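Secondary and tertiary structure notes
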2 protein chains.
Amino acid sequence: MTRIRIKIAYDGTDFCGFQKLPGKRTVEGAIDSAASLACGEPISIIGASRTDSGVHALSNVAVFDTECRIPPERMAMAINARLPEDVRITASEACPSDWHPRKRASVKTYEYRIYNGRTWDPTRKRYSFFCPYSLDPRAMKEALATLRGTHDFTSFANPASQVLLRGGDAVRTIYDASMSWDEKASGILGGIGEIRIRISGSGFLYHMVRIICGTVIEVGTGARKASDIQEILDARDRKKAGMTAGPEGLILCSIEYPEDQETDKRVSQEG
Amino acid sequence: MTRIRIKIAYDGTDFCGFQKLPGKRTVEGAIDSAASLACGEPISIIGASRTDSGVHALSNVAVFDTECRIPPERMAMAINARLPEDVRITASEACPSDWHPRKRASVKTYEYRIYNGRTWDPTRKRYSFFCPYSLDPRAMKEALATLRGTHDFTSFANPASQVLLRGGDAVRTIYDASMSWDEKASGILGGIGEIRIRISGSGFLYHMVRIICGTVIEVGTGARKASDIQEILDARDRKKAGMTAGPEGLILCSIEYPEDQETDKRVSQEG
C-alpha cells in the first residue's frame, strides 16, 4: 500500500464544490472516479481544503492510498488522462503512510479578484467578482491591514461553521492581507479594472475569506469605514460584518506544509 | 436617423464567431437581437473585425443606424440589459452617418496567449493555447522581430482568404510584434507558464495572426529556426509556414482609428 500526495488545480465554475455529494458534479467525485479507473481499484481521496461551489484552486492538496504499481510521479498523468478538462492533477509523489493533508500546521494562501467597472469584462467574468460601484482602493488596503495578526474571527465566519457549532474557537492568524491593482489601467468601461486581494493564514473558518472580502468591498464603496473593522472583530457577531462576496472571485492559490519548507531549506542549503 | 458606434467585448468560447450565420450562436446575431429589442426596430450592426469561432475580443468596433430616441451614450446600457453575459457593449456614442468601421485606415492590436507547462492550468484554458513542449522564448522573440515591417504575407494567410481569392494583394505592415512572459514564474507543472505575444498592424489576412503564432511556437519547440522566417516570407506559399494556432489563445485587444487619435491629441492639447 502506497500513500500518494497530489496537487490539484480546477476551474470551480461548473463544480458543486470540492466535497463529494450524491448526484452532484464535484472535484472530489471527479478525481475519485478518474483515480479508480487509473488504479483499477476503488480510490477515495482526502482533500486538504473543501472549497465551496464555484471557488477555484491553483493548488489544493489531497492524498489517497493504493496498491497500484503506477510509479507515484506518473500518477498525475495517469489520472489526468481520465479527468474532465476543468480539473488537473499538477503533481503526484509518494508520501509517508501517516501523512494527512488536514492535520498539519499549514499556511493557506487565497486570492480574491474583483472586477470594478461600469460593466464586466466577459473574458474575466468566470474568475472575478463584478463590482460596478466606485471603489476607494486605499481605504480597502487600510481595512485589510487591520485584519492582519491573530484575532477572534467569529464576526467573519458563517455561523453554520462546523468548527463553531462543535464549540471550537474562532481564533486564527492572518500572516498577510494585501491588495494590488494596476494603477495605470482602468476597467473596460471606467472603474479601476481588476483588483486582487491576497490573504495568507494558518486556517480559515467557513466563508471567512469571502466575508472578509465582502466587508472590504463595502469599505471600498464607502458603506463602511476602514476604522470599523476593529469594532466588527470585537463584536464577535456575524451580523456586524458585510456580505459574503461571490465564490467566482476566490482562488485557493497554495497550501504550504512546514515539513516541505524544511525540505526546501535543506535542499537549498545542500545546493 | 442616427449612426451609433459601439465597442464590444466578448468571450468567444461559446460563439461560432462574430459574423451572423443562420442557426448559429454568433456575436453579431446576439447584438442584432438585443439592439433590435432595445430600439424597437430591426437593427443590423456592421462590425470592424469578423473574428473567427472561439476568438475573444476586448474591444471590437461596430456601427448601426437607428431612429430610436435613446441617447447614444445610454445605448450601451440599454443593449447590455438584453445581451447574454459573455458579450458586453463597453461604449456607445453618435458618429457621422458616413463613418464606416472597415473602410478607414485603422491599427488593430491582437494578443495571443500560450500556456506552457506539462499540463494546462484549468483557470486559463479558455483564454490560452496549451503547449506542453519545451519552448525557447528567445528564439520566438527573434522570429517575431523578423516579421515586423511591411511584407507580402501570402505564406501566413489561409489560401481561402476572400481578399486573396479576389486577387487582392497580401502586403501588410506589422508595426509591432513583441512577446512577454514572467521570467520568475513557471507553469503549474513545469514549463514557462503564460506567454503573451502582441501584434499590431494595419490589417491582417484570414488566419494571419494564428498562422504567425503557430509558426513562432514551432520556432520555440525547435522544429524550425528563427532564421527560417525570412525564407518563409519570400516563398509566398502557405505550405512553408507552420500550423494555425488554436482560436482560444487569440484576443482582439483594440482597433484604433486615425481620426480618434487626432481628437485625443486635440483634447490633450486643449487640456
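Above this text is the structure in question.
Figured I'd write up the structure that's included with this text. (Residues numbered from 1 in each chain as written. Chains lettered and ligands numbered in written order. Predicted model: local features only at pLDDT ≥ 70, side-chain atom pairs only at ≥ 80, totals over all residues. Heavy atoms only, no water.)

Our next topic: the overall build of chain A. Within chain A, the regular secondary structure consists of seven helices and ten strands. Relative to the globule expectation of 18 Å for 271 residues, the C-alpha radius of gyration of chain A, 20 Å, shows essentially globular dimensions. If you line up chain A on its principal axes, its C-alpha atoms span 60 × 45 × 40 Å. Evaluated residue by residue, chain A yields a buried proportion of 54% over its 271 residues. Within chain A, contacts between residues separated by at least 24 positions form 73% of all contacts whose residues are at least 6 apart in sequence. Counting 37 positive and 35 negative side-chain charges, chain A places the averaged centre of each group 2 Å from the other. (Helix = DSSP H or I, 4+ residues; strand = E, 2+ residues; numbered from the N terminus. Rg over C-alpha atoms; globule rule 2.2 N^0.38 Å. Buried < 20%, exposed > 50% of the residue type's maximum accessible area, 1.4 Å probe, protein only. Contact = heavy atoms within 4.5 Å. Lys, Arg positive; Asp, Glu negative; His and termini not counted. Charge placed at Lys NZ, Arg CZ, Asp CG, Glu CD.)

In many reports, interface size means the accessible area that the parts give up when they come together. Facing 24 residues of chain A, the contacting portion of chain B comprises 24 residues. A buried area of about 1900 Å², summed over both sides, lies between chain A and chain B, and 66% of it is on carbon and sulfur atoms. Across the contact surface, chain A and chain B share two salt bridges. Joining chain A to chain B, the criterion identifies four residue pairs in polar contact (both at pLDDT 80 or more). Only β1 (2–10), β3 (56–66) and β4 (87–95) of chain A provide two or more residues apiece to the side of chain A that touches chain B. The residue makeup of the side of chain A that touches chain B, split by class, is twelve nonpolar, five polar and seven charged. (Buried area = accessible area lost by both parts, 1.4 Å probe. Salt bridge = Lys/Arg side-chain N within 4 Å of Asp/Glu carboxyl O. Polar contact = N/O pair within 3.5 Å; in protein donor to acceptor, adjacent residues only side chain to side chain. Nonpolar A, V, L, I, M, F, W, Y, C, P; charged D, E, K, R; others polar.)

All right, on to the pattern of salt bridges then. Side chains that differ in charge, positive against negative, can pair when their charged atoms come close. For the coordinates displayed, the defined rule picks out 36 salt bridges over all chains. Close ionic contact of B:Asp11 with B:Arg126 constitutes a salt bridge, the shortest N to O distance being 3.2 Å. With B:Asp11 in the loop between β1 (2–10) and α1 (27–39) and B:Arg126 in the loop between β5 (107–116) and β6 (129–131), this residue pair connects regions lying 115 residues apart in the sequence. We note a salt bridge from B:Asp32 to B:Lys20, for which the minimum N-O separation is 2.8 Å. In this pair, B:Asp32 is assigned in helix α1 and B:Lys20 in the loop between β1 and α1, connecting sequence segments twelve residues apart. Residue B:Asp32 is classed as buried on the basis of its relative accessible area of 3%. Residue classification places B:Lys20 among the partly exposed positions, given a relative accessible area of 46%. Each of the salt bridges in this network shares a partner with another, and the network as a whole consists of A:Glu111, A:Arg113, A:Asp121, A:Arg124, A:Glu194, A:Arg196 and A:Arg198.

Looking now at the relation of the copies chain A and chain B. When chain A is brought onto chain B, the operation consists of a screw motion whose angular component is 180° and whose axial shift is 0.0 Å, with 0.0 Å RMSD remaining. Put plainly, the chains are arranged around a two-fold axis. The fraction of interface residues of chain A whose copies in chain B are also interface residues reaches 100%, indicating that both copies meet through the same surface. (Least-squares fit on C-alpha atoms with pLDDT ≥ 70 in both.)

Further remarks concern helix α5 (residues 208–221) of chain A. Residue and element names in this part refer to chain A. Here α5 contains 14 residues, and its C-alpha end-to-end distance of 20 Å stays within 8% of the 20 Å for a straight helix at 1.5 Å per residue. The element α5 is extensively covered by neighbouring structure, given that 13 of its 14 residues are classed as buried. Once α5 finishes, Gly222 follows within two positions and takes phi at roughly 95°, a positive value. (Expected span 1.5 Å × (residues − 1).)

Our focus in this paragraph is the packing of aromatic side chains. Applying the stated criterion across every chain yields a total of twelve aromatic pairs over all chains. Aromatic side chains A:Tyr112 and A:Phe129 sit 6.3 Å apart centroid to centroid with 50° between the ring planes, which places their arrangement in the tilted category. Within this pair, whereas A:Tyr112 is found in strand β5 (residues 107–116), its partner A:Phe129 is found in strand β6 (residues 129–131), the two being separated by 17 residues in sequence. For the pair A:Tyr112 and A:Phe129, one class covers both residues: buried. Here B:Lys125 stacks its cationic end above the ring of B:Trp120, 4.8 Å away from the centre of that ring. (Phe/Tyr/Trp six-rings, centres within 6.5 Å; stacked < 30°, edge-to-face > 60°. Lys NZ or Arg CZ within 6 Å of the ring centre and 35° of its normal.)

Here we take up the pairing of β1(B). Residues and elements named next belong to chain B. Among the nine residues in β1, seven count as buried, and that is most of the element. In terms of strand pairing, β1 meets strand β3 (residues 56–66) through eight bridges, oriented antiparallel. Residue pairing across strands places Arg3 opposite Asp65, the latter belonging to β3. Pairing of β1 with strand β4 (residues 87–95) involves eight bridges; the strand directions are antiparallel. Bridge pairing in β4 places Ile8 opposite Ile89. (Pairing = 2+ DSSP bridges.)

Moving on, we come to helix α6 (residues 228–235) of chain A. All names here are of chain A. Within α6 the residues assigned to the buried category are Ile229, Ile232 and Leu233. The buried residues of α6 all sit within an arc of 100° when viewed along its axis, so they share a single face. Looking at α6, the residues exposed on the side facing more than 90 degrees away from the buried face are Glu231 and Asp234. Elements that come into contact with the buried residues of α6 comprise α3 (137–147), β7 (149–152) and α5. Positive phi appears at Arg236, one or two residues downstream of α6, with a value of about 45°. (Arc of directions from axis to C-beta.)

All names here are of chain A. Unlike most non-glycine residues, Arg236 shows phi in positive territory, near 45°. When you line up the elements, Arg236 lands in the loop between α6 and β10 (250–256). Judged by its relative accessible area of 53%, Arg236 falls in the exposed class.

Below, the discussion takes up the environment of A:Arg102. Residues and elements named next belong to chain A. Summarising the element assignment, Arg102 is placed in the loop between β4 and β5. Classification of Arg102 by relative accessible area gives partly exposed; the value is 37%. When near neighbours in sequence (up to four residues on either side) are disregarded, Arg102 contacts Ile46, Gly47, Ala48 and Arg50. A distance of 2.5 Å separates a polar side-chain atom of Arg102 from the backbone oxygen of Gly47.

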